[in-house]
Structures are given as structure tokens and as C-alpha cells.
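Structure at a glance
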Amino acid sequence: MAYMEPAPLKKENPFESMMSRFNVAADLLGLDEDTYNVLKTPTRQIIVALPVTMDNGRIHVFEGYRVIHSTILGPSKGGIRYDLDVNIDEVKALAAWMTWKCAVVDLPYGGAKGGIICDPKTMSRGELERLTRAYTLSLNDVFGQDKDIPAPDMGTGPQEMAWLMDEYSKSQGMTVNAVVTGKPLVLGGSLGRVEATGRGVMISAFGAMEKLKMIPSKTSAAVQGFGNVGSNAARLLYERGIHVKAISDISGAYWNDKGLDIPAMLEYAAKNNRSLEGFPGAEKISNEELITAKVDLLVPAAKEDVITSENAGKIQARLIVEGANGPTSSKADAIINDKGIMVVPDILANAGGVTVSYFEWVQNRLGYKWTLDRVNRRSDRIMKEAFDRVFAAATQHKVAMRIGAYVVAIDKVAQTYKFRGGF
Ligand code: GLU
């Protein structure tokens, strides 16, 4: 069988990593113990077994998760990840990050996350469809347009969301397109959703560059990851005059001191099974070299735990904008702060995706379609306002932007909880 057991847990447990930042912010806010306990504990943690008939006729039982961290601000929101490294601690951390992320950008949502241990790259379209439908069916009572609204994450995209919407709709006896976001355009998806996370990363980078007085034409960047977030962030930074000198994907990392030709890379990857392997306009470097490369701006846009206490000391960038969720381990935070590097944290920098998911949900519920211009204008404004709120909180408490973001988020959720009480 092509299916492996999940990889062992990484060195730093992502949930603990999230909690250590949460604790600092909770202390700064003087959060009382009862509220602290409510906010830190995930509301629901669901593990499902998903038997799927594979193309070879055998049945493989996949393990799937959905963690609802909080519904204090509204229905829970968060993507579904298909990856071999998925595990309950990761999903718990990602669900909590969704709670804080939605609060930072002021969306009326709580936080959730889902995942299935699988390797989507080795699965056929039919296998992926059966897996997605099995997952949807087993979480039928959890999902709902006013309850829990999934979206894409690593390893999933519009097609999986279309299957999910269809399977859920069948069970309800009617089309319910607002049950999931990140759908294809023809099925009620929103213009601008695919590039929304990358766009938010670009807006956040420009917000920070302004504070640091960095001029785009004199700024170089390295982007780790060339999936939906990394590729769109790289393209948008490139289009605005930044010299993107390094990019990586699963095939390795690519460097060009004069700046990479991003449109050529996008075209190359599109023709080459989404891989940059063999791209001619660059020299190959290691992933580690990319993280510590001599650039001004570093955009980790792949997975958790890539900036660690081992490599943080060697980072040369002045600014880190986190396109991925949890790319920096909590142990690396102190090293980065000591070096005076500014970090626009994940729960702010990559919130453009869920912001346009929210617009998609609003459009679905109104039965209306917004223009791309309206989507971009509104999401850019939300991202800028959130950046300013976080910057102000960080300045007021004399802490890094990451803790500033947690302060903004926890304060909002805690205040809401005090008004409404338990749900
Ligand atoms: N998976 C994305 C994230 O981590 C998007 C979630 C959503 O749109 O609900 O923010």
C-alpha cells in the first residue's frame, strides 16, 4: 500500500507552542483564571475513521479530525488539511490559531480546523473524492452554515470544497453553498479567494516595510513554499518591485541573486506537475540556506516549525512575514526578537484567506456576487486596519507584534465571552 503511518511528532508540539504565546498575552491582559481556562480549551475534538475503497479494490481506513476550538465569536471557521503529518496536536493548534486569526481581523467567527492523514499527491481523483465525501458524511452534524464552516488548507482546494458542498447539500435535501468556502467560482466561490492569503501577506509586508522605512525597489525577499500562499505572495511582491531572490518547493530551493523571474517560475511549475524541479533560471540551494539567505524579507509560506532555535540565530532578514501557520517555534521567538527582526505573525499576516472566505460566505447568503475590485479593496482595508491594531497593541505593551496580535485577539474573545457567557 502507498500509505504510510503518520510521521512522528515534531520537536516542538504546535499546541504547546501556541499556548506559550497565549500565556504571555493572557498575563499582559490580566486575564482571570476562569476566562483563561475557557479560552484555552478546545470546545470539541472529533476523530473519525474513514474507510475508503481505493482504486485497487482494497479498503484503506483513513483517520480524520475536526477540532472546534471556540464558538464565542460565532460559527467556527477553518480549513481542512490533507497531509501525512496531520495529528491531533497540530489540528488543535491550527484550530486555536483560527480563533485568534478571526478575532485579529474582526470577523464574526470562532475557530476550527480539520485534517486527514493522507498523501493527496499519491491519490487518484476518484480516491480523493471518495475520501472527501466520507469525511463530510461523518461530520455531517458538525458542519453547517451557522455552525462550522470549513475551507481549504494544505493539500486541499476548490475541488475538495465542491465535493464537500455537494455531499453536505445532499444530506440536507437542498443546495447549501454557504456551508464551505474556497469553492470553485461556478459553485458560489468568490473572486479573489484563491490569491487572498498571498495578497494579505503582501499587504502585511508593505505595512511592515513602511514602518521599517524599507523601499520596495531596494528590498530583496526569500519565499519558502510555492503552494497557493507562497506562489501568490511571491507573484504579488514581484509585481510590486521586490526582488524575490529565493523560492522553495518540495523539490528544493532556488536562488537567483539578480531576482527570480516569478512569472516564468509559475508557468514552469504549471507545466511541470506543479514542481519547480529543473527550473533553468536559478541555482539550487538547500531549504536551510533559503531560511538564512542574505535577503531583507523572509516569507515562510509552507508548514509549521521551519524557523527554530537552531536556525533563528543565522537569519539575515530584517523582516519576517508569516504566510504559513506556526512557521516559527516559540523557542525561536526570543532569538528573533533579540536580533531586532520584525515579525508580522501568522494570525495577522495570513488572515487574508479567511477574510475573503468570510466575503464568500456573505455573498452566498445574500445570493449576490461582488466584483474582484470590491473584494480586494475590502480585504486590503481589513488587513491594513488589523495591522494597525496589532502594531498599536505591540507598541502599547512594549512587546513584539506576535504578542501584540495575541493581545488584540484574546482581548476581543474574552470581552465577548464576558458579555454573552457560556454557549
Ligand atoms: N486554511 C486557511 C487558514 O489557515 C483558510 C481558512 C478559511 O478560509 O476558513 O487561514
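The rules behind the values
Residues numbered from 1 in each chain as written. Predicted model: local features only at pLDDT ≥ 70, side-chain atom pairs only at ≥ 80, totals over all residues. Heavy atoms only, no water. Axes fitted to C-alpha atoms, helices over the stretch in contact; angles between N-to-C directions. Helix = DSSP H or I, 4+ residues; strand = E, 2+ residues; numbered from the N terminus. Parallel < 35°, antiparallel > 145°, perpendicular 65-115°, else oblique. Left-handed = near helix turned anticlockwise from the far one by under 90°. Contact = heavy atoms within 4.5 Å. Nonpolar A, V, L, I, M, F, W, Y, C, P; charged D, E, K, R; others polar. Pairing = 2+ DSSP bridges.

Before going further, it helps to examine the packing of helix α1 (residues 14–29) against helix α2 (residues 33–40). The packing of two helices is summarised by the inter-axis angle and the distance between the axes. The N-to-C vectors of α1 and α2 enclose an angle of 155°; their axes lie 12 Å apart at closest approach. In this view, α1 runs roughly antiparallel relative to α2, as classed from their interaxial angle. Remark: the crossing between α1 and α2 carries right-handed chirality. Of the residues in α2, those in contact with Phe15, Met19, Phe22, Asn23 and Ala26 of α1 are Tyr36, Leu39 and Lys40. Along the lines of polarity and charge, the residues of the contact of α1 with α2 split into six nonpolar, one polar and one charged.

With mixed pairing, five strands are arranged side by side in an open sheet as β1-β2-β4-β3-β5. Edge strands, defined here as strands with exactly one partner in the open sheet, are β1 (44–53) and β5 (148–152). Strand-to-strand, the axes of this sheet are offset by a mean angle of 25°, without reference to chain direction. Two strands pair when backbone bridges link them, and strand β3 (residues 76–83) and β5 are joined in this way by five bridges, in the parallel orientation. Directly across from lysine 77, in β5, lies its bridge partner isoleucine 149.

Moving on, we get to the sheet that holds strand β11 (residues 319–321). The pairing of strands in a sheet comes from backbone hydrogen bonds and takes either a parallel or an antiparallel form. Spatial ordering of the open sheet is given by β9-β8-β7-β6-β10-β11-β12, a layout of seven strands whose pairing is mixed. Strands at the two margins of the open sheet, each flanked by one partner only, are β9 (283–285) and β12 (342–344). Direction aside, the axes of adjacent strands within the sheet are offset by 20° on average. Across three bridges, the pairing between strand β8 (residues 252–255) and β9 is antiparallel. Its bridge partner being in β9, alanine 253 is matched across the sheet by isoleucine 285.

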